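# Chain and residue survey
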Amino acid sequence: MKLIIEQILNGLTIGSFYSLIALGYSMVYGVMKLINFAHGDLFTFGSYLGYTFLVMGTAYVTSTLGVWGGMAAAMLIAAAGTGILGLIVERIAYRPIYPAGRLPAVVSALGASIFIQNAIMVIWGARPQAYTSDVIPNYMLNIAGLRINLLQIIILLLSFLLMGILYYVVQKTTFGAAIRASALDRETAALMGININLIIFFIFALGPALGGVAGVMVGIYYRKISFVMGWNYGLKAFTATILGGIGNIPGAMIGGLILGVLEMLGSTYISTAYKDVFVFLVLILVLIFRPTGLLGEKVAEKV
Amino acid sequence: MEALLKIDHLHIYYGSIQALKGISLEVTPGEIVCVLGANGAGKSTLLRAISGLLPISKGDILFCAKSLKKTEAYRIVIDGISHVPEGRRVFSTLSVEENLNLGAFNRRGNPQLVSERKDRVYNLFPILKQREKQLAGTLSGGEQQMLAIGRGLMSDPRLLLLDEPSLGLAPILVKQIFRIIKEINEQGVAILLVEQNARKALAIAHRGYVLETGNITISGLSKELQNNKKVQEAYLGGAALRRK
C-alpha cells in the first residue's frame, strides 16, 4: 500500500513534466497544424539555463535569494529564455516555410531540433551536468510512514497551478476562445478581428516557457541533466499529447499525468526494463479504440 | 451622399485565373445593396476582397474614403466592416456565447460593452439566448445562420457583408432571416448582400448589381432590376412571372 502511494506520487510528478511539455506540442499543433519537434530540445535548453543560473550564481543565490528564491528565479529565467528561443525558432525555422506546406515544416522542425541539441552540447559540453545540492538541498519528509521529498510536492503543486492557470486562460477567457477559434478556422478568426500573429506569438512563447519550467523541475527532481534528454522527454510528452487528443489542451494535461503514472506503476510492478513497452502499448490500444485520443472526440457537426 | 464603401475598378486574381475584371460599385450609409449572380460569377470573391481575405491585384477599395488595399483582414473588422461568410462558419466546438464574444474580440477589455451588444443580438435572435451555453456545432442550420449574423453584429459594424444568408435554409427560415436583415438595416447598418435568391434579395434591397463572370453587367434601383427583362429571365424565373 505504501509502495503504491509512493509510486503514484512519483508517477504524477514525472507525469506533470510530460504534461507541461505536452502543452507546448498541443497548443502549437492546434493552431499551426505543425508538430514542433524542436520542443523537446527547448525543454532541455530551459533546464540548462536554470542550471547555469544556479551553478554560476551559487554564491549570489545562497547569500541573497535563499534556496526557494533561487529555484523560483531559475524557473523564471528558464521560462523567459526558453520562450524567447521558441519565438526565434518560429521566426527562423517555421515562418519562412509555412507557404510550402506542412511536410517541409516538419522536416524543418527536425532540423531545428538537431541544431538546438547540438548547440546545447557545444555550449555546455557533452557530459551530463548536475543541479548541485548546495543550491537544491534535500528535504525528506516522513508523513504517516511515507517517505516523501518536499521538493516533489512543490513541483507537483506548481505544475498543477500552472496547468490550472493555462486551463483557465484557454477555456474561460475570450482570448482563449480566440486561440481555439484560430485552431478551428483561421480565416474566420481573422474576420472576427483576431490577429493571428498575436496568437502565434502567444503559443510559441508560452508553450516553450512551460517546457523551460519543466526543464528546471526535472533538474531539481533528478539533479542530473544531459543535452540529449529532450529527445526522450519530448517523445513521451508527444505521446501524452496523442493520448489526450492532439490540439486539446486539457487532453495534454491528462495524457501526461496518465502516462507518468502508467510508467511508474509499470516499472514497479512489471519491470523497469519494460516500462516504455507498457507506456506505448497503452498508447497503441488507445489509438485503436479511440483514434482521436481520450478527449479528442469531435462534436457532431450539423450542416 | 458620400459613399461608405467605394469599389473602384477592382481586379482580383486566383493564381492566373481572373475572378473580378475591374468592377466598380458603391454602398452609401444606411443602404441595402444586393449583388446578384450565378455560381462562380465572383460574388463571394468580391466580399472576400473587401474584408481583406484576398489580395487586391489592381484597382482599389475605399471605406470611408480610406483605402483598404494594404489593410489586414483583422484590422478591417476594427475599422467597421463585418463579414458573415458563406456557409456560416461558426466555431463548432465553441459555445454560442463564446462565438458571440469573439465577434467583439477587440473589445474584450470592456465586458460591459460586450454584454450590451450581446443583449442586442439576443433581442434580434431570442433563440440564441436559450442556446447560449450550447456548442455552436449542435445548432440547427437556421440557428447557425442566426449565430453567424449575430456574431457579425458584435463588432458593431457600419457595413455588414452577408454572403448567401439563405443558403440551405427552409423557406420559413429564409423569410425570417430576410426580415431580420431588414431590421438590422433599419437600425442604421449598411448592408452589402450577396444572394442567389434574387427575388427575396431585391424585395429588401434599395439597389442592386448583377455580376456575370467577373463583370458588372446591370445595375440600378431594386425596382428597375425587378422590371428588367434580362434580370427576370436569368434570376427571377422569367417564365413564371410572365404567366402571372
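Refer to the structure presented above.
No experiment lies behind these values; they were computed from the predicted model shown.

Within chain A one finds 11 helices and 4 strands. Taking 19 Å as the expected radius of gyration for a compact globule of 303 residues, we find that chain A reaches 19 Å, a close match to that expectation. A principal-axis box enclosing the C-alpha atoms of chain A has dimensions of 60 × 45 × 35 Å. Taking all 303 residues of chain A together, the buried fraction comes to 55%.

We now examine the pattern of salt bridges. For the structure shown, the criterion picks out 18 salt bridges over all chains. Put simply, Arg89 of chain B and Glu187 of chain A hold a salt bridge, and the shortest N to O gap is 3.2 Å. Linking Arg89 of chain B in the loop between strand 6 (81-84) and helix 3 (96-103) with Glu187 of chain A in helix 7 (residues 186-191), this pair reaches from one chain into another. With a relative accessible area of 25%, Glu187 of chain A lands in the partly exposed category.

To summarise the sheet geometry, strands pair through backbone hydrogen bonds and adopt either a parallel or an antiparallel arrangement. All names here are of chain B. Taken in spatial order, the 4 strands line up as 2-1-4-5 in an open sheet, and their pairing is antiparallel. Because the sheet does not close on itself, it has two edges, and the strands there are strand 2 (17-27) and strand 5 (66-67). In terms of strand pairing, strand 1 (residues 5-14) meets strand 2 through 8 bridges, oriented antiparallel. The residue of strand 2 that forms the bridge with His11 is Lys21. Of the strands in this sheet, strand 1, strand 2 and strand 4 (58-63) touch helix 1 (residues 43-50), which is tilted by about 110° from strand 1.

Now for the nonpolar core. By size, the foremost hydrophobic cluster in this structure holds 97 residues, and its most contacted members are Leu23, Val89, Ile203 and Ile220 of chain A together with Leu102 of chain B. Of all the elements, helix 8 (residues 196-222) of chain A adds the most residues to this core, at 14 residues. Ignoring anything within four residues of it in the chain, the contact list for Ile203 of chain A reads Met27, Val28, Val31, Met32, Ile179 and Pro208 of chain A. In terms of nonpolar packing, the next biggest core, distinct from the first, is built from 45 residues, Leu162, Phe178, Ala198 and Leu202 of chain B among them.

A cluster of nonpolar side chains, namely Leu3, Tyr269, Ile270, Tyr274 and Val277 of chain A, defines an oily patch on the protein surface of about 540 Å² accessible area. Relative to the helices and strands, Leu3 of chain A resides in helix 1 (residues 2-32).

Tallying the contact residues gives 25 residues for chain A and 27 residues for chain B. The largest contributions to the chain A side of the interface with chain B come from Glu187, Leu191 and Met192 of chain A, which together make up 27% of the buried area. Seen at the junction of chain A and chain B, the total is 6 residue pairs in polar contact (both at pLDDT 80 or more). Elements represented by at least two residues in the side of chain A that touches chain B include exactly helix 6 (174-184), helix 7 and helix 8 of chain A. The dominant element in the side of chain A that touches chain B, judged by the number of residues it contributes, is helix 6 of chain A, at 7 residues. Of the residues belonging to the side of chain A that touches chain B, the class tally is 14 nonpolar, 6 polar and 5 charged.

Moving on to the environment of Met32 of chain A. Residues and elements named next belong to chain A. For Met32, the position within the fold is in helix 1. The class of Met32 is buried, set by a relative accessible area of 9%. Contact partners of Met32, with chain neighbours within four places excluded, come to Tyr98, Arg186, Ile200, Ile203 and Phe204.

Another point: the environment of Leu159 of chain B. Residue and element names in this part refer to chain B. Examined against the element boundaries, Leu159 turns out to sit in strand 7 (residues 159-163). For the pair Leu159 and Glu31, spaced 128 residues apart in sequence, the C-alpha to C-alpha distance is 9.3 Å. Leu159 has contacts with Leu4, Leu5, Val27, Phe63, Gly80, Ile81, Ser82, Val189, Ala190, Ile191 and Leu192, leaving out every residue within four places of it along the chain.

The next point concerns helix 4 (residues 111-124) of chain B. Residue pairs three or four apart in sequence face the same way in an α-helix, which turns once every 3.6 residues. Residues and elements named next belong to chain B. The terminal C-alpha atoms of helix 4 lie 20 Å apart, and with 14 residues this matches the ideal 20 Å at 1.5 Å per residue to within 8%. When helix 4 is considered as a whole, its buried residues turn out to be Leu113, Val114, Arg117, Lys118, Val121, Tyr122 and Leu124. Those residues of helix 4 that are buried lie in contact with helix 3, helix 5 (126-130), helix 6 (141-153) and helix 7 (171-186).

About the cut-offs
Just so you know, the residues in each chain are numbered from 1, in the order the chain's sequence is written. All chains are assigned letters beginning at A, and all ligands numbers beginning at 1, according to the order in which they are written. Only residues with pLDDT of 70 or above have their local features reported here, since the model is predicted, and side-chain atom pairs are shown and tallied only from 80 upward, although totals for entire chains, interfaces and linings are computed over all residues. For side-chain calculations, the full set of non-hydrogen atoms in the structure is used, while hydrogens and water are omitted. By the criteria applied, helices consist of DSSP H or I runs no shorter than four residues and strands consist of E runs no shorter than two, each listed in order from the N terminus. In this description the radius of gyration comes from C-alpha coordinates, and the expected globular size is given by 2.2 Å times residues to the power 0.38. Only protein chains enter the accessibility calculation, which uses a 1.4 Å probe. A residue is then buried if its area is under 20% of the maximum for its type, exposed if over 50%, and partly exposed in between. Salt bridge, as used here, is a side-chain nitrogen of Lys or Arg placed within 4 Å of a carboxyl oxygen of Asp or Glu. Two strands are counted as paired when DSSP detects at least two bridges linking them. Whether two residues are in contact is decided by their heavy atoms: any pair within 4.5 Å suffices. The angle between two axes is taken between their N-to-C directions and runs from 0 to 180 degrees, where each axis is a line fitted to C-alpha atoms and a helix contributes only its stretch in contact. Among buried residues, the Ala, Val, Leu, Ile, Met, Phe, Trp, Tyr and Cys ones that are joined through side-chain atoms within 4.5 Å form a nonpolar core. Patches in this entry comprise residues that are over 30% relatively accessible and not in a salt bridge; like charges within 9 Å are linked, as are nonpolar side chains (Val, Leu, Ile, Met, Phe, Trp, Tyr) within 5 Å. Each accessible area value is a Shrake-Rupley result obtained with a 1.4 Å probe; residue values ignore everything except the protein chains displayed when judging cover. For any pair of parts, buried area is found by adding up, for both, the accessible area (1.4 Å probe) each one loses once the two are put together. In protein, a polar contact requires one atom able to donate a hydrogen and another able to accept it; more generally it is a pair of N or O atoms within 3.5 Å, and residues adjacent in sequence count only if both atoms are side-chain atoms. Asp, Glu, Lys and Arg are counted as charged, while Ala, Val, Leu, Ile, Met, Phe, Trp, Tyr, Cys and Pro are counted as nonpolar; the rest, among them Gly, fall into the polar class. To estimate the expected span of a helix, subtract one from its residue number and multiply by 1.5 Å.

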